[in-house]
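Here is how the chains run, residue by residue.
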Amino acid sequence: MVRIGVLCAFLFAFFSSHLWAQGTGDWSGRWDTYWRDGEARMLLQQQGGTVSGTYEPGDGRIEARTDGRVLRGSWFQDGTSGPILFALSEEGQSFTGRFVDGEYWNGKKVSETAGANLVSVTRDTPRAAFRSLVYLENAAVYKGDISAGNAAETLLLYAGQPSDERDQRRRRRLLWTLFDLSTFRIYDIPRPVEGETAQFTIGPAAGNFEYNIRFRKLGDAWFVVVPAAAELRRDLDIMVAALGHDTLSQLKEAAAKSPRGAMRDFLQGMRNWRNAGRERALATLDLSFLPPRLYSFEAPLLAEYLKQIIDRAGFVTWQEISDNPNRPGPYVFYRHPAGSVVIEQVPGPNGEPAQWKFTAETLRNAPQLFAEMQELPVADGVFASEPITRFFQIRERIRAVFPALLARPGPLEIWQWLVIPLSAVFAVVLGWLTGKSVSLFLSRSLRRAERGLRVGAARRLGKPTALLVGAGFAVLMFTWTGLAETVLGAVTVVLAATAATALGWLLYTAIDLFGGYFQRRSERTSGFVDEIAVSLVTGVLKIGVAAAGIIAIADITGIPYEGVIAGLGVGGIALAFAARDTVSNLIGGAILMSDRPFHRGDLIETEGQMATVENVGLRSTRMRTFDDSLLVIPNSQLTDKAIVNWGQRRKRKIRLEISLHYDTPRERLDAFKTRLREVYLAQPAADDTTGYVGLRSFGESALNVELWGYFNLADYEDYIAARHHLIGDIVDLARSLDLDFAFPTRTIRILSEGDGKTVDSQKASNPT
């Protein structure tokens, strides 16, 4: 019991502390905070319900207490103070708050290493001070690093005392806008300077505007002088007008569509690859030479090759790259014997405006260029990022475990040479196992299916599956390990084309097998609609798979598939024209399928031909005549002619003519007529709404009595049996009434010339 009590107390204490922490949140850590016209890096420390800390710039401090997830307290700066009210988010990584009335103050928690990649602040020369300022402002503006902005503030010297903190921030922002819209080389600034002041002229790549940067030395340190806000605003307006724009926003929008904008979008997209940066980065690359089927594999790899090259080429300063959107020629960022990094205008698709992109030649040469410079360390201050592709992830792991495998004997590294035979072996083994597994699975899962389908699927689907898996695995390995971007790129293309062929083979075979299965099932039914539908759908699917396979292979191998599609279209038109009768028959088959004028086994009559329908195909209809001849009629002719369907009659007509002797008395005739109708209606299949009986005519040797009615029978054999039974009952009726059926007789009168007397002679003749 004691142990149970201790355990319960421990659990209670643990969950209580956990729930209390969830209820109050943890305010300790570094926070990047923002308000209406400023920002600061805040460092907070929480002890129980008390929170205290500092923030820079401004040398301010915070003192507050927690109330659940709400922080209430005060801020103190430059001898003044005010209230604060912060509310921590559910995940504890951001807060929303206010200070004073109507002023927001929000923030997000940052890691302890935030700002670790900042360049060191140096002020020993104007060049060093300006270089530090540009690097830090770029980090603050384009990376959102508040600590970089705080460090940049230490390099500025304001001309005249700022009226307040807002004036200070406004002047700094205007000065940076002038810097950011200019193009310059930092190393053009002279290092040794005599005296206490210096200046350097900058300006945009397009236009005739120039701006003089002023430096001042205080003690041993150089500072960048920040003029008054009115002077900065005037110079900025002159720059905007000199570049042919009405507003600053128009100028910034135009400058974004330049070599500098392409470089910025690429590097920032790569930095945020997994947070919607992928599309931004790839949009700056001319990847038109990549087959769409390989785009998802090769595009990220080429992008990372380029990123590694740029990181080794040097620290990128945006303002050193041209921001002229109308630059007349390409912009060469980096030049090397193995290849260059070039940005040029690439025409947009479908007549869209041209865009500045890294050239296709740059991307083609990127793997070889990286191989030449991979031993060069990345530049100081470059933002460290995790590899985004399998190739660089694998390569970094190999570097950490077996760095010797990164040696490059020939065009490939050692570990890549090892991947080639291993990939081949694994591809063959994996393909064989998969093919066998698929065959075994199909043979067992289709046990209850038709034998033809079961055996055909097990035998015919295994091989294409094995080829597809083997070739697909090899393509995947060659892409992940970077072999697709080496001298083995052609092999990768062949493997990808093989995989596409295997997929088409697999789909075509599956369609053929299941189409045949449903075709056989439809043949066992009386309706032909399913049979035509199966034939039509199977044929269309086969043609579709074949056409898609041809286009895919052409796309993978680099053959312009637009030409392939055009060729298929022209060939289709020519084929349709040459086989227009066949096409008419196919359309006729579709019409028969939709109208359903008859079924298999129906007796039909068309154009004087009467036969039983045996099969309706896509092109023609096969019928069997009464003399057992096979009659084949094209569907186009059958749909254009009148069709009498005897097989779909709901009733069959019965008409009999019964001959009685002329000497039959009237009363017996009437009795026979009445009883004959009763005999007809007594038949099981007789239609009781019919049954018309009466004397019809005077025959040559008999009185003709007619019976006319319907049997509710559709089958011809049943009709014959019913008619036989009716005639037998009529014979019995005549015998019961003592009536004789007449047979053909002829009366001959002979006139004697001698005595003028007439001799009657009646001669009966047997009916023949």
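Our subject is the structure listed above.
Reference entry: report on the structure contained in this document. Note that the structure is a prediction, hence the values are computed from the model and not measured.

Here's the deal with the pattern of salt bridges
Logical step 1: One pass over the full model with this rule turns up 25 salt bridges.
Logical step 2: Where Lys307 meets Asp311, a salt bridge forms, and the shortest distance between an N and an O atom there is 2.6 Å. Of this pair, Lys307 and Asp311 both sit in helix H9 (residues 292-313), separated by 4 residues, roughly a single helical turn. As far as the burial class goes, Lys307 and Asp311 line up, both buried.
Logical step 3: Among the salt bridges present, the one from Glu413 reaches Arg395, with a minimum N-O distance of 2.8 Å. Of this pair, Glu413 sits in the loop between helix H11 (390-401) and helix H12 (414-445) while Arg395 sits in helix H11; the two residues are 18 residues apart in sequence, bridging distant segments of the chain.

Observations concerning the layout of surface pockets
Logical step 1: Approximately 600 Å³ is the volume found for the second largest pocket.
Logical step 2: Taken together, 24 residues form the lining of the second largest pocket, with Gly38, Glu39, Arg169, Arg172 and Arg173 sitting closest to its centre.
Logical step 3: Per-element tally for the lining of the second largest pocket: the top contributor is helix H4 (residues 165-180), with 6 residues.

Observations concerning the side chain of Glu137
Logical step 1: Here Glu137 shows up in helix H2 (residues 126-143).
Logical step 2: For Glu137, the residues in contact, after removing those within four places along its chain, are Ala152, Arg172 and Trp176.

Describing the nonpolar core
As a rule of thumb, soluble globular proteins bury nonpolar side chains together.
Logical step 1: Met263, Phe266, Leu285, Leu287, Leu306, Ile310 and Phe358 are the most contacted members of the largest nonpolar core, which totals 54 residues.
Logical step 2: The dominant element in this core, judged by the number of residues it contributes, is H9, at 9 residues.
Logical step 3: With 39 residues, the next largest nonpolar core counts Val134, Tyr135, Leu136 and Leu178 among its residues.

Some points on empty space enclosed by the protein
Logical step 1: On inspection of all chains with the given rule, the structure shows 1 cavity of 30 Å³ or more.
Logical step 2: There is about 30 Å³ of room inside the largest cavity.
Logical step 3: Lining the largest cavity are Leu133, Glu137, Leu156, Arg172, Leu175, Trp176 and Phe179.
Logical step 4: Elements with a contribution of two residues or more to the lining of the largest cavity: H2 and H4.
Logical step 5: At 4 residues, the largest contribution of residues to the lining of the largest cavity is made by H4.
Logical step 6: Considered class by class, the residues forming the lining of the largest cavity number 5 nonpolar, no polar and 2 charged.

Focus on the packing of helix H20 (residues 666-681) against helix H21 (residues 716-736)
Logical step 1: The interhelical angle for the contact between H20 and H21, taken along N-to-C directions, is 150°, at an axis separation of 10 Å. On the basis of their axis angle, the class for H20 and H21 is roughly antiparallel. The two elements H20 and H21 cross, and the hand of that crossing is right-handed. Contact residues: H20 offers Phe672, Arg675, Leu676, Val679 and Tyr680, while H21 offers Leu726, Asp729, Ile730, Leu733 and Ser736.

Observations regarding the pairing of strand E12 (residues 221-226)
Logical step 1: With 6 of 6 residues buried, E12 is to be regarded as a mostly interior element.
Logical step 2: Residues Ala221, Phe223 and Val225 of E12 are buried on one face, and the alternating residues Trp222, Val224 and Val226, pointing to the opposite face, are buried as well.
Logical step 3: The sheet contact formed by strand E9 (residues 156-158) and E12 spans 3 bridges and is parallel. Counted as the bridge partner of Leu157 is Val225 from E12.
Logical step 4: Both strand E11 (residues 211-218) and E12 contribute to a ladder of 4 bridges, which runs antiparallel. Residue Arg216 lies in a different strand from E12, and its bridge partner there is Phe223.
Logical step 5: Between E11 and the antiparallel strand that follows it, E12, lie 2 residues; Gly219 among them carries a positive phi value of about 70°.

Description of the pairing of strand E21 (residues 652-660)
Logical step 1: Where burial is concerned, the two faces of E21 differ: the one with Arg652, Ile654, Leu656, Ile658 and Leu660 is buried and the one with Lys653, Arg655, Glu657 and Ser659 is not.
Logical step 2: When E21 meets strand E23 (residues 703-711), the two strands line up antiparallel, connected through 9 bridges. What sits directly across from Ser659, in E23, is Asn704.

Regarding the sheet that holds strand E5 (residues 70-77)
In sheet architecture, strand pairing relies on hydrogen bonds along the backbone and comes in two forms, parallel and antiparallel.
Logical step 1: Pairing within the closed barrel is antiparallel, and its 8 strands lie in the order E1-E2-E3-E4-E5-E6-E7-E8. The mean angle between the axes of side-by-side strands here comes to 30°, regardless of whether they run parallel or antiparallel.
Logical step 2: Examined bridge by bridge, strand E2 (residues 38-47) and strand E3 (residues 50-56) share 7 bridges and lie antiparallel to one another. Within E3, the residue paired with Gln47 across the bridge is Thr50.
Logical step 3: This element, helix H3 (residues 146-153), spans strand E1 (29-35), E2 and E3 of the sheet and lies at about 115° to E2.

Observations regarding the environment of Glu386
Logical step 1: Tracing the chain through its elements places Glu386 in the loop between helix H10 (360-373) and H11.
Logical step 2: Note: C-alpha distance between Glu386 and Trp273 (113 residues apart in sequence) is 9.9 Å.

Focus: unusual backbone geometry
Logical step 1: Even without being a glycine, Asp628 presents a positive backbone phi close to 70°.
Logical step 2: Among the structural elements, Asp628 can be located in the loop between strand E18 (620-625) and strand E19 (630-634).
Logical step 3: Since its relative accessible area comes to 56%, Asp628 is described here as exposed.
Logical step 4: Positive phi, close to 60°, is recorded for Asp738, a residue that is not glycine.
Logical step 5: For Asp738, the location among the structural elements is in the loop between H21 and strand E24 (746-751).
Logical step 6: Among the residues examined, Asp738 registers a relative accessible area of 54% and is labelled exposed.

So, the packing of H2 against H3
Logical step 1: Running from N to C, H2 and H3 cross one another at 150°; their axes reach a closest spacing of 7 Å. Our classification of the angle between H2 and H3 gives roughly antiparallel. Seen from above, H2 lies across H3 with left-handed handedness. Across the interface between the two elements, Leu133, Leu136, Glu137, Ala139 and Ala140 of H2 pack against Ala148, Gly149, Ala151 and Ala152 of H3.
Logical step 2: Residues of the contact of H2 with H3, tallied by class, amount to 7 nonpolar, 1 polar and 1 charged.

Points about the packing of aromatic side chains
Each aromatic ring pair is specified by the distance between its two centres and by the angle formed by the two planes.
Logical step 1: Counted by the stated rule, this structure contains 28 aromatic pairs.
Logical step 2: Judged by centre distance (5.5 Å) and plane angle (75°), the rings of Trp708 and Tyr710 are edge-to-face.
Logical step 3: Residue classification places Trp708 among the partly exposed residues on the basis of a relative accessible area of 24%.
Logical step 4: Members of the aromatic cluster, each reached through a chain of ring pairs, are Trp27, Trp31, Trp35, Tyr55, Trp75, Phe86, Phe95, Phe99 and Trp105.
Logical step 5: In this structure, Arg364 is placed above the aromatic ring of Phe289, and the distance from its NZ or CZ to the ring centre is 4.5 Å.
Logical step 6: Sitting over the face of the ring of Tyr710, Lys651 holds its NZ or CZ atom 5.8 Å from the ring centroid.

Notes on H10
Logical step 1: Taking 1.5 Å per residue as the helical rise, H10 with its 14 residues ought to reach 20 Å, and the 20 Å between its terminal C-alpha atoms agrees with that figure.
Logical step 2: At Ala366, H10 is bent by approximately 50°, the largest bend along its length, and proline Pro367 sits one to four residues beyond.
Logical step 3: Buried within H10 are the following residues: Ala360, Thr362, Leu363, Ala366, Pro367, Leu369, Phe370, Ala371 and Met373.

Some points on the sheet that holds strand E22 (residues 692-698)
Logical step 1: Spatially, the 3 strands line up as an open sheet ordered E21-E23-E22, and their pairing is antiparallel. What marks the edges here is a single partner per strand, and that holds for E21 and E22. Pairwise comparison of adjacent strand axes, ignoring direction, gives a mean angle of 25° for this sheet.
Logical step 2: Of the pairings in the sheet, the one linking E22 to E23 comprises 6 bridges and is antiparallel in character. Counted as the bridge partner of Phe698 is Leu703 from E23.
Logical step 3: Helix-sheet contacts for H20 involve E21, E22 and E23, and the interaxial angle to E23 is about 15°.
Logical step 4: Packing of H21 onto the sheet brings it into contact with E21 and E23, and relative to E21 it is tilted by some 25°.

Calculation rules
- Each chain has its residues counted from 1, following the order in which its sequence is written.
- Per-residue local features are limited, in this predicted model, to residues with pLDDT of at least 70; the limit for side-chain atom pairs, both in listing and counting, is 80 or more; totals at the level of whole chains, interfaces and linings are taken over all residues.
- To get the side-chain values, all heavy atoms of the structure are used, and hydrogens and water are removed first.
- Each salt bridge in this description consists of a side-chain nitrogen of Lys or Arg and a carboxyl oxygen of Asp or Glu lying within 4 Å of one another.
- Strands here mean DSSP runs of E at least two residues long; helices mean DSSP runs of H or I at least four residues long; both are numbered from the N terminus.
- Note on exposure labels: buried denotes an accessible area under 20% of the residue type's maximum, exposed denotes more than 50%, and partly exposed covers the range between, all computed with a 1.4 Å probe on protein chains only.
- Cavities and pockets were defined on a 1 Å grid built over protein atoms only: a cavity is a set of grid points that admits a 1.4 Å probe from which the probe cannot escape, a pocket is an open set flanked by protein on both sides within 12 Å along at least five of seven lines, and lining residues are those with an atom within 4 Å of any such point.
- Grid points are joined across faces, edges and corners, and a volume is the space filled by probe spheres set on the points.
- Contacts between residues were defined by any pair of non-hydrogen atoms, one from each residue, lying within 4.5 Å.
- Here the nonpolar core consists of buried residues drawn from Ala, Val, Leu, Ile, Met, Phe, Trp, Tyr and Cys, with membership extended through side-chain atoms lying within 4.5 Å.
- Charged residues are taken to be Asp, Glu, Lys and Arg, nonpolar residues to be Ala, Val, Leu, Ile, Met, Phe, Trp, Tyr, Cys and Pro, and polar residues to be all remaining types, Gly included.
- Axes here refer to lines fitted to C-alpha atoms; in helices the fit is confined to the stretch in contact. Angles between the N-to-C directions go from 0 to 180 degrees.
- Under this scheme an angle from 65 to 115 degrees is roughly perpendicular, one under 35 degrees roughly parallel, and one over 145 degrees roughly antiparallel; angles in between are oblique.
- Two helices crossing with the near one rotated counterclockwise from the far one by less than a right angle form a left-handed crossing, whereas a clockwise rotation gives a right-handed crossing.
- A pair of strands is treated as paired once DSSP finds two or more bridges between them.
- Aromatic pairing here means that ring centres of Phe, Tyr or Trp (its six-membered ring) are within 6.5 Å. Orientation follows from the plane angle: under 30 degrees is stacked, over 60 is edge-to-face, and everything else is tilted.
- Cation placement over rings: the criterion is NZ of Lys or CZ of Arg within 6 Å of the ring centroid and within 35° of the ring normal.
- Given the number of residues in a helix, its expected span is that number minus one, multiplied by 1.5 Å.
- Fitting axes to the seven residues that end at a residue and to the seven that start at it, the angle between those axes gives the bend at that residue.

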